[in-house]
Amino acid sequence: MTAPAQPRLLRALAGETLERPPVWFMRQAGRSLPEYRELRARATDFIAFCHNPEMAAEATLQPMRRFPFDAAIVFADILLIPRALGQEVWFEAGEGPRLGVLPPVERLAGEVEASTARLADIGETLARVRTELEPDRALIGFAGAPWTVATYMLEGRGSDRSAARAYAHAHPAELDALLKVLVDATARYLVMQARSGAQALKIFESWAEGLPEDVFERIVIRPHAAIVEQVRAAGVTAPFIGFPRGAGALVDNYAAQVPVEGVALDTQASIAQGRRLQAQGKTIQGALDNLLLRAGGSGLDARVDTLLEAWSSGPYIFNLGHGVLPDTPAENIARVVARVTGKPLSALAAE
Ligand code: CP3
């Protein structure tokens, strides 16, 4: 028997089919909420915000107060790792991330152990949130996947990643060495997060698109599998959700070879693909279009119903195919959460 307080998200990740799926949204914190903008205005810069456990815990909890989400995701960023390894990272207002010169890989490798200690603030944020969050709501820790993080480290900013993909072909040994450093640092970081209160661990491979099958195996599948193995070897049992965004048909290769409990599907995932993964023993998460969430209306309601109908007969976590967009009306979020949870919309504060 499952104890009543066992969070719905963890039950789904353990393979249970629930009468209604748990629901949370990628990038639910720090995007569309006015209370976030108020909090953000009090921080000097975004990285200092992420490293301030009191403020980061507050940002994590804001969407949990407003919506009956089944899970919180810690407020942090995938680019805290390169910074902890010694590459400069900053955010240009209104533009996005910028990174300094990539240090030689041997130097980065020498910083792996120290990088985990430099990320201790995120552990403190998790511990704080866990004490404040109701026991039936799960807390998710996360990290960027090695390849996605490497694209930023190599290109120095957000981009179409073509330079990083070209590098993967032209300099495979150098890329593999960088990915190995990131695997080791990320595994240690996730172990620390689990020990600090994270009950599920998500790996964001936001830029898995456009890779040939063999390269996908080398730079996505193998590093993800290595992270899961290293975290398990450290005695951590928290379930994993892998998100190979943009992988298309290669999601099947991913699910077959990476020992994650959950696979997050992007906007393009087909109903059949989701069902196939469920039949293979994976819990699936996704794949509502974040643009449709922003647009709202009866088309949104219809798509929510279609996804619920298609995937609720197996282990499923209701979510988006990519993160909440900054200008998404809170009332659209409330409407979807009400539809999934069966709670009356009037009970949700969506001013
Ligand atoms: O709600 C949450 O999930 C909060 C935690 C979170 C953030 N970033 C906070 C953030 C998470 C899970 C991320 C992941 C992340 N960061 C990804 C993977 C997910 C995805 O969307 O594909 C990526 C690629 C990044 C890198 C990154 N961080 C970019 C490209 C940017 C600039 C554009 C943007 O998304 O706003 C960021 C900044 C960032 N990360 C902000 C927040 C709240 C905005 C910074 C600000 O408020 O000034």
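For the structure, see preceding data.
Residues numbered from 1 in each chain as written. Predicted model: local features only at pLDDT ≥ 70, side-chain atom pairs only at ≥ 80, totals over all residues. Heavy atoms only, no water.

**Some details on the overall build of the chain**
How we decide: Under the scheme used here, helices are H or I runs from DSSP no shorter than 4 residues and strands are E runs no shorter than 2 residues, and both carry numbers assigned from the N terminus. Throughout, the radius of gyration refers to the C-alpha atoms, and the reference size of a globule is 2.2 Å times the residue count to the power 0.38. Computed by Shrake-Rupley with a 1.4 Å probe, the accessible areas treat only the displayed protein chains as cover when residues are assessed.
Assigned secondary structure in the chain consists of 17 helices and nine strands. A compact globule built from 351 residues should have a C-alpha radius of gyration of about 20 Å, and the chain, at 19 Å, falls within 12% of that. Its C-alpha atoms give the chain principal-axis dimensions of about 55 × 45 × 40 Å. Approximately 13,900 Å² of the chain is accessible, and the part contributed by carbon and sulfur atoms is 51%.

**A look at the side chain of Arg98**
The condition is simple: We call two residues contacting when some pair of their heavy atoms lies within 4.5 Å.
Within the element layout of this structure, Arg98 appears in strand β3 (residues 96–99). Excluding residues within four positions of it along the chain, Arg98 makes contact with Glu88, Val89, Trp90, Glu92, Gly156 and Arg157.

**Quick notes on the packing of helix α10 (residues 162–170) against helix α11 (residues 172–196)**
The following threshold applies: Note on definitions: angles span 0 to 180 degrees between N-to-C directions of axes, and those axes are lines fitted to C-alpha atoms, for helices only across the stretch in contact. These descriptions rest on fixed angle ranges, namely under 35 degrees for roughly parallel, over 145 for roughly antiparallel, 65 to 115 for roughly perpendicular, and the rest for oblique.
In the contact formed by α10 and α11, the axes pass within 5 Å of each other and the chain directions differ by 110°. The orientation of α10 with respect to α11, classified from their angle, is roughly perpendicular. Across the interface between the two elements, Tyr167, Ala168, His169 and Ala170 from α10 touch Pro172, Glu174 and Leu175 from α11.

**Things to note about the packing of aromatic side chains**
Cut-off, in case you're wondering: Whether two aromatic rings pair depends on their centres lying within 6.5 Å, for rings of Phe, Tyr and Trp, where Trp uses its six-membered ring; planes under 30 degrees apart make the pair stacked, over 60 edge-to-face, and the rest tilted. Burial classes follow relative accessibility: with a 1.4 Å probe on protein chains only, a residue under 20% of its type's maximum area counts as buried, one over 50% as exposed, and anything between as partly exposed. By definition, being over a ring means that NZ of Lys or CZ of Arg is both within 6 Å of the ring centre and within 35 degrees of the ring normal.
Evaluation of the coordinates by the stated rule reveals eleven aromatic pairs. The interplanar angle of 45° and the centroid separation of 5.7 Å between the aromatic rings of Tyr36 and Phe75 together place this pair among those described as tilted. Of this pair, Tyr36 sits in helix α2 (residues 34–41) while Phe75 is found in the loop between β1 (71–73) and α5 (80–84), placing the two residues 39 residues apart along the sequence. Looking at Phe75, the relative accessible area reads 5%, which means it is buried. Both rings, one in Phe46 and one in Phe75, keep their centres 5.8 Å apart while their planes meet at 80°; by these two values the pair is edge-to-face. Of the two residues, Phe46 is situated in helix α3 (residues 46–50) and Phe75 in the loop between β1 and α5; the sequence distance between them amounts to 29 residues. Summarising the burial analysis for this pair, Phe46 and Phe75 share the class buried. An aromatic cluster is present here, built from Tyr36, Phe46, Phe49, Phe75 and Phe91 joined pairwise through their rings. In this structure, Arg161 packs its charged tip against the face of Trp207, placed 3.6 Å from the ring centre. Note that Lys202 overlies the ring of Phe243, its terminal NZ or CZ placed 4.7 Å from the centroid.

Any functional reading would require information that these geometric values do not contain.
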